[in-house]
Amino acid sequence: MNFKIINGSVTAPKGFLAAGIHCGIKKNSLKKDLALIYSEVPSIGAGVYTKNKVKGAPIYITKEHLSNKKARAIICNSGNANTCNGQDGLLKAKKMAQLQAKALNIKTDEVLVASTGVIGVPLNIDAIKGGIPLITKKLSIEGYEDATEAIMTTDTSQKQIALELEIGSKTVRIGATCKGSGMIEPNMGTMLSFITTDVSISPELLDEALKSSVNISYNRVSVDGDTSTNDMVLILANGLAENPTISEKGEDYYKFIEALNYLNVVLAKKIAKDGEGATKLIECKVTGATSESNAVKLAKSVIKSSLVKTALFGSDANWGRILCALGYSDVDFDPYKVDVYFTSSSGSIKVCGQGSSIEFDENKAKDILLQDEILIEVNLNIGDIAASAYGCDLTYDYVKINGDYRS
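Residues numbered from 1 in each chain as written. Predicted model: local features only at pLDDT ≥ 70, side-chain atom pairs only at ≥ 80, totals over all residues. Heavy atoms only, no water.

Under an unreviewed UniProt entry, the name given to the chain is Arginine biosynthesis bifunctional protein ArgJ, and the organism recorded is Clostridium paraputrificum. Regarding the chain, the relevant UniProt record gives this comment under Function (unreviewed entry): "Catalyzes two activities which are involved in the cyclic version of arginine biosynthesis: the synthesis of N-acetylglutamate from glutamate and acetyl-CoA as the acetyl donor, and of ornithine by transacetylation between N(2)-acetylornithine and glutamate." (UniProt positions renumbered as here; feature names shortened; annotations may be inferred.)

Shown next as structure tokens:
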């Protein structure tokens, strides 16, 4: 690897500050619900958004503001998605940007807006208006954990990471925080990911790098098959690392995207592992495929299967469900060439050979599947392409959490 993991998150790169506060959006709760990330100097930005036709109001405002590829701040609330609120929702999303821009003394279109939470409930803009002076005052390098906490909904853990690498003899840093636990079937899921970097890069290549990275990370996650209305991944780059500007796809670009890909895959796995009610991270790696797109479709078909997910919750080596999920993926392959393996920290075991039953140690398989991170490897034996997808098991608690989500 041409990079190393360092402490921190979105404030690890030079010139970035963050904060998170409770402003009163979440009813009957004192949890933090408003987050702010800010670059002290002008920066460029890029974004990737949900493919759901029903989109949250913040997405329209953020896309509009990023049309010039410039941005300096991200304001995000949790507890209310500001979705399906008509013109009122759009006006309030715009108001969030206006209020935050005024507090930071920057242009309104330099502020990006995000929201996450309950759909179809009017947003309490007065609570946000009251919180903006305080959150602006609290901006600091140390504020990244408060910001991460403030974007969480049903998440059970904070999800953040920072990396450091050398580009053009200069130290470059990338930091990120994200949230996501349920309503997750990217492209993308109820997930938000905010990435900051002090690299100097052209807006066009930053946009291309982000889209490419999202496709191999967040877009390969499924928790429950529900594509959210509010998903977005945003990246800000302020150039304070002072590396020679990356303006073409040379060595420096590929160093940067290697680090960006690693960062986003780590966060994607954290989202999958923290799926609502989940007890296990499930990775399905399809090898021996004829194309990457086929491998991705097959892997996602496996990790999306409710029967596969429940089998792994019960630590049951029911490999037949995996073959079944492969079979309805609408991908052409030879079922009688497929091998299936289960792997975890307790070892690895082959449970299916050439699409048929083989003898294997059920007790060993059980022990492997009792662990909290499971790899399902499916070898199609028809090509040399591989790809992975990430999910989680399906438990009783998923129903409990989503049965009373609004209460």
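Next comes the rest of the write-up.
Asker: Which residues make up the overall build of the chain, and what are the values?
Answerer: When its secondary structure is counted, the chain shows 11 helices and 16 strands. Here the chain has a C-alpha radius of gyration of 22 Å; the compact-globule value for 407 residues is 22 Å, and the two agree. Per-residue burial over the chain gives 57% buried out of 407 residues. Here the contacts in the chain between residues at least 6 apart in sequence split such that 80% fall between residues at least 24 apart. For the chain, the accessible area works out to roughly 16500 Å², and carbon and sulfur atoms hold 48% of it. Across the chain, 45 positive and 47 negative side-chain charges occur, with their mean positions spaced 6 Å apart. (Helix = DSSP H or I, 4+ residues; strand = E, 2+ residues; numbered from the N terminus. Rg over C-alpha atoms; globule rule 2.2 N^0.38 Å. Buried < 20%, exposed > 50% of the residue type's maximum accessible area, 1.4 Å probe, protein only. Contact = heavy atoms within 4.5 Å. Areas by Shrake-Rupley, 256 points an atom, 1.4 Å probe, with all protein chains shown as cover. Lys, Arg positive; Asp, Glu negative; His and termini not counted. Charge placed at Lys NZ, Arg CZ, Asp CG, Glu CD.)

Asker: I'd like to hear about the sheet that holds strand β8 (residues 170-180), residue by residue, with values.
Answerer: Read from one edge to the other, the open sheet built from six strands follows the order β1-β7-β8-β9-β10-β4, with strand pairing classed as mixed. Strand pairing shows two members of the sheet lacking a second neighbour, β1 (3-6) and β4 (44-49), which therefore form its edges. Across this sheet, the average inter-strand angle for adjacent strands is 20°, counted without regard to direction. Pairing of β4 with strand β10 (residues 232-237), which is carried by six bridges, proceeds in the antiparallel orientation. In the strand pairing of β10, Gly45 is matched with Leu236. (Pairing = 2+ DSSP bridges. Axes fitted to C-alpha atoms, helices over the stretch in contact; angles between N-to-C directions.)

Asker: Help me get a handle on the pattern of salt bridges, residues and values and all.
Answerer: Side-chain pairs of opposite charge can arise whenever the charged atoms involved come near each other. One pass over the full model with this rule turns up 12 salt bridges. Across the pair Glu208 and Lys249 runs a salt bridge, and its minimum N-O distance is 2.1 Å. In this pair, Glu208 is assigned in helix α5 (residues 203-215) and Lys249 in the loop between β10 and α6 (251-273), connecting sequence segments 41 residues apart. Judged by its relative accessible area of 42%, Lys249 falls in the partly exposed class. (Salt bridge = Lys/Arg side-chain N within 4 Å of Asp/Glu carboxyl O.)

Asker: Tell me about the sheet that holds strand β12 (residues 339-344), residues and numbers included.
Answerer: One open sheet accounts for six strands, arranged β14-β13-β12-β15-β11-β16; its pairing is mixed. Pairing within the sheet leaves two strands with one partner each, and these edge strands are β14 (356-357) and β16 (385-392). Pairing geometry for strand β13 (residues 347-353) and β14, over two bridges, is antiparallel. Among the inter-strand pairings, Cys352 is bridged to a residue of β14, identified as Ser357.

Asker: Can you explain the nonpolar core? Please cite residues and give values.
Answerer: What tends to happen in soluble globular proteins is that the nonpolar side chains get buried as a cluster. Counting residues in hydrophobic clusters, the biggest one holds 41 residues, and the most contacted among them are Ile195, Ile201 and Phe256. Ile282, Leu312, Phe360 and Val378 belong to the second largest nonpolar core, which has 36 residues in total. (Core = buried A, V, L, I, M, F, W, Y, C linked by side-chain atoms within 4.5 Å.)

Asker: Outline the confidence of the model for the chain, listing residues and values.
Answerer: Here the chain shows a mean pLDDT of 91. Residues at 70 or above account for 93%. Taken as a whole, residues 182-189 scores under 50 in pLDDT and shows 49 contacts with residues more than four places along the chain or in a different chain. (pLDDT = per-residue confidence, 0-100.)

Asker: Hey, could you go over the domain arrangement of the chain for me, with residue numbers and the actual values?
Answerer: Taken domain by domain, the chain consists of domain 1 (3-274) and domain 2 (281-404). Each of domain 1 and domain 2 has a C-alpha centre, and the two are 32 Å apart. (Domains from an automatic or database assignment.)

Asker: Report on unusual backbone geometry, specifying residues and quantitative values.
Answerer: One non-glycine residue, Ser169, lies in positive phi territory at about 65°. According to the relative accessible area criterion, Ser169 is exposed, its value standing at 67%. The phi dihedral of Gln354 falls on the positive side, at around 50°, and the residue is not glycine. Along the chain, Gln354 falls in the loop between β13 and β14. A relative accessible area of 55% means that Gln354 is categorised as exposed.

Asker: Kindly report on the side chain of Asn77, identifying the contributing residues and their values.
Answerer: Along the chain, Asn77 falls in strand β5 (residues 73-80). Taking relative accessible area as the criterion, Asn77 reaches 0% and is therefore assigned buried. From its side chain, Asn77 meets the backbone oxygen of Asn80 in a polar contact 2.9 Å long. Not counting chain neighbours up to four residues away, the residues in contact with Asn77 comprise Ile25, Asp33, Leu34, Met96, Ala114, Ser115, Thr116, Leu123 and Ile128. (Polar contact = N/O pair within 3.5 Å; in protein donor to acceptor, adjacent residues only side chain to side chain.)

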